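# Understanding the architecture of this molecule
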Amino acid sequence: MGKRGQLYEGKAKKVFETDDPELLIVSYKDDATAFNGQKKGQIADKGVVNNIMSNILFGILEDAGVPTHLVKQLSDRETLVKRVRILPLEVIIRNVAAGSFSQRYGVEEGSPLARTVLEFSYKNDALGDPLINDDHILALELSTEAELARVRDYAFKVNEVMKEFFRARGLKLIDFKIEFGVDSKGTILLADEISPDTCRLWDAETNEKMDKDRFRRDLGKVEETYRAVLDRVKG
Ligand code: TMP
């Protein structure tokens, strides 16, 4: 697939056009940011880990009935994907209290939740990705009602599949963020990535944090942890 000009550069990835207007190439970087870009750094080989891990998970989710943008991995850092219009929503699922949920509601990290929580943030860096609800999304026309229903369904499905996948690999899926896009036919596809940047994963035995919180909170052993998660994902 012929690579053409760069379409976009985000905080963790670059996106390139290809000879086919329906396909894009995503290239994963080692750059890491946190707190809406205020903290910046590099995590050696993060791009390789996130690319490979994301593609393994997208393959499993596709088989489980969640359509994704994945076409094919091209190299350690590059993947061919279907072009979509990304819905400006961060779709967050929480199985256990942590992070901003713990802070906002005053609940200790690691506390069990009486039910699975789905929450949305409005993807808007200038506003700091504020929490948003279903009514806000529809009022602001960020998605249609049908798209929103689909997104909610897929998000819970992704959670069920991933919880079991990580459980079998000695990891607890605490929470995660996913994004969806709409292709040229109007089909909703799981897009962006699923990686230690976008999930909280705790070791099932020790509760050791095995995700980007090691970078966000300066816990050390960042590169080793990303590598260890990929090794477990590969099985
Ligand atoms: P939070 O507790 O900080 O709201 O994060 C919830 C989940 O979303 C956690 O698994 C990390 C992930 N996340 C992202 O992928 N991108 C982001 O910009 C933020 C803030 C969180």
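These notes cover the structure that comes with them. (Residues numbered from 1 in each chain as written. Predicted model: local features only at pLDDT ≥ 70, side-chain atom pairs only at ≥ 80, totals over all residues. Heavy atoms only, no water.)

## Here we look at the overall build of the chain
Regarding its fold elements, the chain presents six helices and 14 strands. In terms of overall dimensions, the chain is globule-like: its C-alpha atoms have a radius of gyration of 17 Å, near the 18 Å expected for 235 residues. For the chain, the C-alpha atoms occupy an extent of roughly 50 × 40 × 35 Å along the three principal directions. Counting all 235 residues of the chain, 50% fall into the buried class. Residue pairs in contact within the chain that sit at least 24 positions apart in sequence constitute 56% of those at least 6 positions apart. Surface accessibility of the chain: about 11200 Å² in total, with carbon and sulfur atoms responsible for 48%. Once the 37 positive and 41 negative side-chain charges of the chain are each reduced to a mean point, those two points are 2 Å apart. (Helix = DSSP H or I, 4+ residues; strand = E, 2+ residues; numbered from the N terminus. Rg over C-alpha atoms; globule rule 2.2 N^0.38 Å. Buried < 20%, exposed > 50% of the residue type's maximum accessible area, 1.4 Å probe, protein only. Contact = heavy atoms within 4.5 Å. Areas by Shrake-Rupley, 256 points an atom, 1.4 Å probe, with all protein chains shown as cover. Lys, Arg positive; Asp, Glu negative; His and termini not counted. Charge placed at Lys NZ, Arg CZ, Asp CG, Glu CD.)

## Digging into the nonpolar core
F120, M162, F166, I178, F180, L190 and I194 are the most contacted members of the largest nonpolar core, which totals 47 residues. No other element matches helix α4 (residues 145-167), which puts nine residues into this core. Counting five residues, the second largest nonpolar core, distinct from the first, contains V15, L24, Y28 and V81. (Core = buried A, V, L, I, M, F, W, Y, C linked by side-chain atoms within 4.5 Å.)

## Notes on unusual backbone geometry
Phi at F35 is positive, roughly 55 degrees, even though this residue is not glycine. When its relative accessible area of 48% is taken as the criterion, F35 is described as partly exposed. Notably, N207 is not glycine yet its phi reads approximately 60 degrees, a positive angle. On the basis of relative accessibility, which here comes to 36%, the residue N207 falls in the partly exposed class.

## With respect to the site of the ligand
Near the ligand the following residues occur: R94, A98, G99, S100, D175, F176, K177, D197, T198, C199, R200 and R216. R94 is positioned with one of its side-chain polar atoms (N or O) 2.9 Å from an oxygen atom of the ligand. Here R200 contributes a side-chain N or O atom positioned 2.9 Å from an oxygen atom of the ligand. Protein coverage of the free-state accessible area of the ligand, which is 450 Å², stands at 76%. Broken down by secondary-structure element, the contributors of at least two residues to the shell around the ligand are α2 (99-105), β12 (171-182) and β14 (199-203). Broken down by element, the shell around the ligand gets its largest block of residues, three residues, from β12. Classifying every residue of the shell around the ligand by side-chain character gives three nonpolar, three polar and six charged. (Near = heavy atom within 4 Å. Polar contact = N/O pair within 3.5 Å; in protein donor to acceptor, adjacent residues only side chain to side chain. Nonpolar A, V, L, I, M, F, W, Y, C, P; charged D, E, K, R; others polar.)

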